[in-house]
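Listed below, chain by chain, are the residues.
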Amino acid sequence: MRGYLGIDVGSVSTDLAVIDEKTDKVVGLVYIRTKGQPVVAVQEGLKELLAQFPNGIEIIGAGTTGSARNIAGLMINADLIKNEITAHAKATAFFHPKTRTVFEIGGQDSKLILLENGRLKDFAMNTVCAAGTGSFLDQQAGRLGITIEEFSNEALKSEVKCRISGRCAVFAESDMIHKANAGYRRPDIVYGLCEALVRNFLNNLAKGKELKSPIVFQGGVAANAGMVKAFGETVGIEIIVPEYHHCMGAIGSSLLAKLHIQRTGLQTTFSGFDSINLDFSSRSFNCDGCENECEISTLMRDDEVLACKGSICKKYDNVTGHIDEVLQLANA
Amino acid sequence: MGTLYWLLYPLSKRLKFELQEQPKITQKTVKKGSLHAEEGMCLPFKYVLGNFMDALEKGANIVLFAGGIGPCRFGYYSPLFEATLKDLGYLFRLISIEPWFTGRGFIDKYRFWRSFAKLGRVKNPIRIAWAIWESFYIAQCIDEITSMLNYTRAIEVKKGSTNRAYRKALDLLANSKHYWQAKRNFETAKEMMAAIKTDASKLKGVVGIVGEFYVVLEPSANMRIIEWLNDHGIAVICSIFVTDWVGPDTSPKVAHINKIKAHELAKKEDTFHRWCGGDCTANVGHAVYLMDHLNVDAIIQLLPFTCMPDTMATVGLMAVTEKRDIPFARYIYDEHSALAGLETRWEGLIDTIEMKRLDKELHEIAQREAVRSKV
């Protein structure tokens, strides 16, 4: 079997998807938590993915996306490294070609993507505030003593409106405590929080933009039925949640990789599943070269530096070699 | 700030005062500045405060700052700098250059002359006026070259060649002895920039940048967005340059139109019906000009967090870009901005531009096919 691989390494979750070469069907899917270690997460994910194909699979194109796309791309020698906005737009247009609006709420960022004829037309991403993203919901669920899965069911049981401030995560939390002390039931508070997050999303991102139907809601938070209901009620249009809503980034990335391979006619550079067993590690250090004190992040195989990123003066752009040599450069 | 140093450098030679080389703005500068500035203060204040502290520690004893009656709290910044720095125990004299057209007639002109006379050993008003005019001309030439740089760097064949040529041109212009030499040097500099090998097929698009002047002009404040875009094949047209901002409203502008014209353009749109918040309407007008006359593929607005005029301009910019179906993005900066998150958004914008170009091409092909089938 031959297929295209896509990897989306996000702040909270890492997902991998394989689509079939001819039918474009999703044949392999892995969804795990990143836990702050993108390198380990990619290796784990590849291991799990390989286990899904007892007869083996040949990867003829690979793409990466997400906030750790550069590291992941280096690890597997990806053909295409693309940002998550384009990847999400591509995947949505593939599953629901008529989509005009995409709400995407992930672990640490939220996006509003507008499509036209299946192409990216405009987008907005949260700028100065991360309130209202997956991490915050996760944390609040933990504080209320319920798992994030129960959170979803709890929200649907709500009967009474409970207004919670969504402007800032800290204010939202103190509002929730206050409402709990005032005697509100937990389901009402949980649903009130969902509504607050929806309000925050629409106020921040959708300002001045026309939300046209059909609307697709995806990302990890789309698994939360309470959020879907709150979106539907606020916008007044039915919200579609795609089947693979949590892995749209990875699927989009594999679709983009396919497009790239077909367009250029190149052979894939994918280094195979060998990278599972190699000792990859990432390391960062502060350059002492000037007063900028740039934070340089490196990806290493054993002690060999594969790439560096983050310098303003571009001193490290093409540096490879032993880690000690690179560190010497930092003190120069 | 940006090329402001190159306005003062020729002036220092002519008015005979010693100009300290501007200390580089680094992370340390920002840290220092934000430590001693009010938290809600805008980003430029923090940057400049940190920069002044660096300069004073290096031995400067006069701090030169522009005053003004401008759109925002800017005019009040020089007394604030003076108070903050004096509180911190620095010994210095602050000279604030107030504009000479605030409407108080002769008093304005006198105060304007006095602030320059205090700077150096030259006191003769005519000589001062001539020196200012010459330096201003040189700085304007430098800004012209900078605007060429922002375009040429996107399509250069050999990476880094434009930057090298730019630095040479800058050196040549800044050291011009008098007006006529500067004029000749400007021609040479233009030729140097034009001689760079370019490949027009590399160009992925042209974006216009509007916004708050400090963030647009100072590369370390905007995370080097212009260079980054150039590296990715996007040419940039800015709506403001140092001399555009420093000079009087009626002087010729590097960014093609002046503030008054920009206000008029903005008023013709259905967004603002009267002058509103200084640079606010001007930004909208500049965006309209960039879209209608220079055919940019996208508009970017850069602003510091808590900038009032530009926060208002956003609404107008959204309306005018939507009307013409041109992608619009705004990036808000504060001292915590990290590059990683911004890069994702910049890449997203580039993709939007590319998709739109692709759509246009497909549309044109379809139209041609339709015409052919009719025949």
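Model, not experiment: these values are computed from the prediction.

Enquirer: In this structure, what is going on with the overall build of chain A? I would like to understand it.
Expert: A tally of helices and strands in chain A yields 10 helices and 14 strands. Whereas a compact globule of 332 residues would reach a radius of gyration of roughly 20 Å, chain A reaches 21 Å, a difference of no more than 12%. Projected onto its principal axes, the C-alpha coordinates of chain A cover approximately 60 × 50 × 40 Å. Split into buried and exposed, the 332 residues of chain A put 52% on the buried side. Contacts in chain A between residues far apart in sequence, at least 24 positions, make up 61% of those at least 6 positions apart. Put simply, chain A shows about 14,800 Å² of open surface, and 48% of that area lies on carbon and sulfur atoms. Mean positive and mean negative side-chain charge positions of chain A (34 and 39 charges, respectively) differ by 8 Å.

Enquirer: For this particular structure, what's the right way to read the pattern of salt bridges?
Expert: Opposite charge on two side chains permits pairing when their charged atoms draw close. Within the structure shown, the criterion is met by 30 salt bridges over all chains. The partner of Asp351(B) in a salt bridge is Lys82(A), and the shortest N-O contact between them spans 3.0 Å. You can see Asp351(B) sitting in helix 15 (residues 339–374) and its partner Lys82(A) sitting in the loop between strand 5 (80–81) and helix 3 (84–95), one on each of two chains. By relative accessible area, Asp351(B) is classed as buried at 4%. In this structure Lys82(A) comes out as partly exposed when scored by relative accessible area, which is 22%.

Enquirer: When you look at the domain arrangement of chain A in this model, what are you seeing that I'm missing?
Expert: How big an interface is tends to be reported as the loss of accessible area on association of its parts. All names here are of chain A. By the assigned domains, chain A splits into domain 1 (2–90 + 248–276), domain 2 (97–241) and domain 3 (280–331). The interface of domain 1 with domain 2 comprises 9 residues on the first partner and 13 residues on the second. Summed over both partners, the interface of domain 1 with domain 2 comes to about 950 Å²; 65% of that surface belongs to carbon and sulfur atoms. If you look at where domain 1 meets domain 2, you find 1 salt bridge. Ionic pairing is found between Asp138 and Arg33, a salt bridge with its closest N-O pair at 3.3 Å. At the junction of domain 1 and domain 2, the tally comes to 4 residue pairs in polar contact (both at pLDDT 80 or more). A class-by-class count of the residues in the side of domain 1 that touches domain 2 yields 4 nonpolar, 3 polar and 2 charged.

Enquirer: What's the story with the domain arrangement of chain B in this structure? I'm lost.
Expert: Residue and element names in this part refer to chain B. Each assigned domain of chain B is listed here: domain 1 (18–119) and domain 2 (201–375). The centre of domain 1, based on its C-alpha atoms, is set 29 Å off from the matching centre of domain 2. Between domain 1 and domain 2, the residue contacts involve 17 residues of the former and 18 residues of the latter. Interface area, domain 1 with domain 2, both sides summed: about 1,300 Å², of which 69% is carbon and sulfur. For the pair domain 1 and domain 2, the number of links is 1 salt bridge. With a closest N to O distance of 3.1 Å, Lys46 and Glu335 form a salt bridge.

Enquirer: Where do I start with the interface of chain A and chain B in this structure?
Expert: At the junction of the two partners, chain A supplies 24 residues and chain B supplies 28 residues. In terms of surface lost to chain B, no three residues of chain A exceed Arg119(A), Phe123(A) and Glu291(A), which account for 23% of the buried area on that side. Our count for the chain A to chain B interface comes out at 5 salt bridges. Taken together, the links from chain A to chain B amount to 6 residue pairs in polar contact (both at pLDDT 80 or more). With 6 residues, strand 8 (residues 119–125) of chain A is the single largest residue contributor to the side of chain A that touches chain B.

The rules behind each value
Residues numbered from 1 in each chain as written. Chains lettered and ligands numbered in written order. Predicted model: local features only at pLDDT ≥ 70, side-chain atom pairs only at ≥ 80, totals over all residues. Heavy atoms only, no water. Helix = DSSP H or I, 4+ residues; strand = E, 2+ residues; numbered from the N terminus. Rg over C-alpha atoms; globule rule 2.2 N^0.38 Å. Buried < 20%, exposed > 50% of the residue type's maximum accessible area, 1.4 Å probe, protein only. Contact = heavy atoms within 4.5 Å. Areas by Shrake-Rupley, 256 points an atom, 1.4 Å probe, with all protein chains shown as cover. Lys, Arg positive; Asp, Glu negative; His and termini not counted. Charge placed at Lys NZ, Arg CZ, Asp CG, Glu CD. Salt bridge = Lys/Arg side-chain N within 4 Å of Asp/Glu carboxyl O. Domains from an automatic or database assignment. Buried area = accessible area lost by both parts, 1.4 Å probe. Polar contact = N/O pair within 3.5 Å; in protein donor to acceptor, adjacent residues only side chain to side chain. Nonpolar A, V, L, I, M, F, W, Y, C, P; charged D, E, K, R; others polar.

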